[in-house]
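Geometric and topological summary
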Amino acid sequence: MYYWWKKLQYRKGYVEKEEINPKKVVFEAYMGKKYACSPKALYQAMCRDPQYRDWELIWAFREPERYREMEKEPHTKVVRYRSGEYYRAYASAKFWVTNSRLPRELQPKDGQEYIQCWHGTPLKRLGYDLEHYAEKNGSLREVRENYLEETKRVTHMPSPSGFYSEKIASAFHLKEEGKEQVLLELGYPRNDELVAVTDAACKNVRRTLGIPEGKKVILYAPTWRENQHLPGEGYQFQLPVDFKRWREVLGDEYVILFRAHYFISNSFDFVAFSGFVYDVSQMDDINPLYLVADVLITDYSSIYIDYLLLERPMLFLPYDREDYLKTRGFNFDYDEVTPGPKPKSYAEFLNSIEGLLYNEMNYVENRKKIERKINTIQEPCSEYICRMVKE
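Residues numbered from 1 in each chain as written. Predicted model: local features only at pLDDT ≥ 70, side-chain atom pairs only at ≥ 80, totals over all residues. Heavy atoms only, no water.

**Observations regarding the overall build of the protein chain**
Scanning the protein chain from terminus to terminus reveals 15 helices and 14 strands. For 391 residues, the compact-globule estimate of 2.2 N^0.38 gives 21 Å, and the protein chain sits close to it at 21 Å. Counting only C-alpha atoms, the protein chain reaches 65 × 45 × 40 Å along its principal axes. Counting only residues that meet the buried cut, the protein chain has 57% of its 391 residues in that class. For the protein chain, contacts bridging at least 24 residues in sequence account for 68% of all contacts bridging at least 6. Summing over all exposed atoms, the protein chain offers an accessible surface of approximately 18,000 Å²; the carbon and sulfur share of this is 48%. (Helix = DSSP H or I, 4+ residues; strand = E, 2+ residues; numbered from the N terminus. Rg over C-alpha atoms; globule rule 2.2 N^0.38 Å. Buried < 20%, exposed > 50% of the residue type's maximum accessible area, 1.4 Å probe, protein only. Contact = heavy atoms within 4.5 Å. Areas by Shrake-Rupley, 256 points an atom, 1.4 Å probe, with all protein chains shown as cover.)

**Section: helix α14 (residues 364-374)**
Listing the buried residues of α14 in full gives Val 364, Arg 367, Ile 370, Glu 371 and Ile 374. In a view along the axis of α14, the buried residues occupy a sector of 130°, so they form one face of it. Along α14, the residues that are exposed and aim more than 90 degrees away from the buried face are Lys 369 and Arg 372. (Arc of directions from axis to C-beta.)

**Looking at helix α3 (residues 84-92)**
Since the α-helix turns once every 3.6 residues, residues separated by three or four places project in the same direction. When α3 is considered as a whole, its buried residues turn out to be Tyr 86, Tyr 87, Ala 89, Tyr 90, Ala 91 and Ser 92. Buried-residue contacts for α3 involve α1 (2-15), β1 (21-27), β2 (56-61), β3 (76-80) and β4 (93-98).

**A look at the sheet that holds β2**
Ordered by their spatial adjacency, five strands build an open sheet running β3-β2-β1-β4-β5, and the pairing between neighbours is parallel. One side of each edge strand has no neighbouring strand; the edge strands of this open sheet are β3 and β5 (113-116). The sheet shows a mean angle of 20° between the axes of neighbouring strands, taken without regard to direction. Across four bridges, the pairing between β4 and β5 is parallel. Each residue of the ladder has a partner; that of Trp 96, found in β5, is Tyr 114. (Pairing = 2+ DSSP bridges. Axes fitted to C-alpha atoms, helices over the stretch in contact; angles between N-to-C directions.)

**Concerning empty space enclosed by the protein**
The full count for this structure, using the stated rule, is two cavities of 30 Å³ or more. If you trace the largest cavity, you find it lined by Pro 160, Gly 187, Tyr 188, Asn 191, Asp 192, Val 195, Leu 309, Asn 375, Ile 377, Gln 378 and Glu 379. Class assignment for the residues of the lining of the largest cavity results in five nonpolar, four polar and two charged. (1 Å grid on protein atoms, 1.4 Å probe; cavity = no way out; pocket = protein on both sides within 12 Å on 5 of 7 lines; lining within 4 Å. Points joined across faces, edges and corners; volume = space filled by probe spheres on them. Nonpolar A, V, L, I, M, F, W, Y, C, P; charged D, E, K, R; others polar.)

**Things to note about the layout of surface pockets**
Where empty space is left can be seen by rolling a probe of water-molecule size over the atoms. In this structure, the second largest pocket encloses a volume near 300 Å³. What lines the second largest pocket is a set of 13 residues, among which Cys 202, Lys 203, Arg 206, Leu 291 and Val 292 lie closest to the centre. Considering every element that reaches the lining of the second largest pocket, the biggest residue donor is helix α7 (residues 199-209), with five residues. Split by residue class, the lining of the second largest pocket holds five nonpolar, one polar and seven charged.

**A closer look at the state of the cysteines**
Across all of its chains, the model carries zero disulfides by this definition. Between Cys 202, a free cysteine, and Cys 37, which holds the nearest cysteine sulfur, the sulfur-to-sulfur gap is 19 Å. Take Cys 386: it sits in no disulfide, and the sulfur closest to it among the cysteines is that of Cys 381, at 9.0 Å. (Disulfide = S-S within 2.5 Å.)

**A word on the sheet that holds strand β14 (residues 314-316)**
Strand order in the open sheet formed by five strands is β12-β11-β8-β13-β14, and the pairing between neighbours is parallel. Of all the strands in the sheet, the pair left with one neighbour each is β12 (277-279) and β14. Neighbouring strand axes in the sheet, compared pairwise and without regard to direction, differ in orientation by 20° on average. Seen against the sheet, helix α8 (residues 243-250) touches β8 (216-220), β11 (254-258), β12 and β13 (295-298) and runs at an angle of roughly 150° to β11.

**Description of the packing of α1 against α3**
The N-to-C vectors of α1 and α3 enclose an angle of 75°; their axes lie 10 Å apart at closest approach. The angle between the axes of α1 and α3 places the two elements in the roughly perpendicular class. In this structure, α1 contributes Lys 6, Tyr 10, Tyr 14 and Val 15 to the contact, and α3 contributes Gly 84, Tyr 87, Arg 88, Tyr 90 and Ala 91. Residue classes in the contact of α1 with α3 are distributed as six nonpolar, one polar and two charged. (Parallel < 35°, antiparallel > 145°, perpendicular 65-115°, else oblique.)

**Focus: the pairing of β2**
Across the six residues that make up β2, a large majority, five, are buried. The pairing of β1 with β2 spans four bridges and is classified as parallel. Bridging across to β2, Lys 24 finds its partner in Glu 56. For the handedness criterion, the β-α-β arrangement of β1, helix α2 (residues 37-48) and β2 is classed as right-handed. Bridge count for β2 against β3 is five bridges, and the pairing is parallel. Considered in β3, the bridge of Ala 60 is made with Val 79. (Right-handed = clockwise from strand over helix to strand, strands pointing away.)

**Examining the nonpolar core**
Tyr 10, Phe 27, Tyr 86 and Trp 96 are the most contacted members of the largest nonpolar core, which totals 66 residues. Not counting residues up to four positions away in its chain, the partners in contact with Tyr 10 are Val 15, Tyr 87, Tyr 90, Ala 91, Trp 96, Glu 105, Leu 106 and Gln 107. With 38 residues, the next largest nonpolar core counts Leu 123, Cys 202, Ile 305 and Phe 330 among its residues. (Core = buried A, V, L, I, M, F, W, Y, C linked by side-chain atoms within 4.5 Å.)

**Concerning unusual backbone geometry**
In this model, His 75 sits at a positive phi of 70°, which is unusual for a non-glycine residue. Positive phi values are uncommon outside glycine, yet Glu 311 reaches one of about 55°. Relative to the helices and strands, Glu 311 is located in the loop between α10 (303-307) and β14.

Take a look at the structure:
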């Protein structure tokens, strides 16, 4: 009943009052939380392309005040997520661009096009591929209903490979809904920056973050856990590592960039590790962190699939694998598709960090094998996708 009422409000209050502007695009990323990922890449491609100089480009944020600087870009406007301006933008824009599910009340009318970029290769099961659901404030049936709503709306989904297309099609029930044609195997917009990386870009990020010259950089980016949710507070993360021991083992040669998942609501105090641990959880876009990281450490996050493009070493810390597998299944064998050490104890983990850069040649061929399967298309694609959809 709630969603029926919200859809009715949207249709009567906005859809029936607004005409489609064929030169208007509305963007949002991570449900209005960030300026990042493929929506950012497609937006920047439009800003660079003179064909779009008279278009309206609208960005939706939960905290629009943080992003007012974007309005210095000609024809760009920032609106508040789920405000009246937000709904008017969606009711009148020819194109919608996002990387997560949109509010269910947003129903496109004839002539509107929805570019759903998603936010990563589905290492873990999603949507219709889930066999169980761990959260107490939802159900598997509701999850599938939400994904089906998205499937009914979408008109375009960029894809970097046949593997990606297969898994996304299954998660969103594209075949069952007769919508497999929405998949565009042209590349992944957010990875343009990684396939065309430059030394100048890497140095610029190091300067911005204040990383001293000569220091090696470890990016530690664990994912969220569905079974670590507190009502009224959101998802929590219990830090499983001892940065004091990390510093003892690694000495002055390294710095750590700690990146919590954007779902995580609790904060972390790293004052005692100033100059060694940099909390970069609040940075909108993770791509700059990939550029400066000499090593990636993660657990079950699919971010390593993007990091593969840089051909650098990685290490996995699946300390709670059995519990995690009970809440989320994988689309393939975890050990086969994670090209790096997976230590079984904390002591082994510390030794693995220390020796990773010196033994990483053991994993080079495995990385290339996985990359060939998952990241088939490794060419910048944002400009092409924008023009193709427009035409």
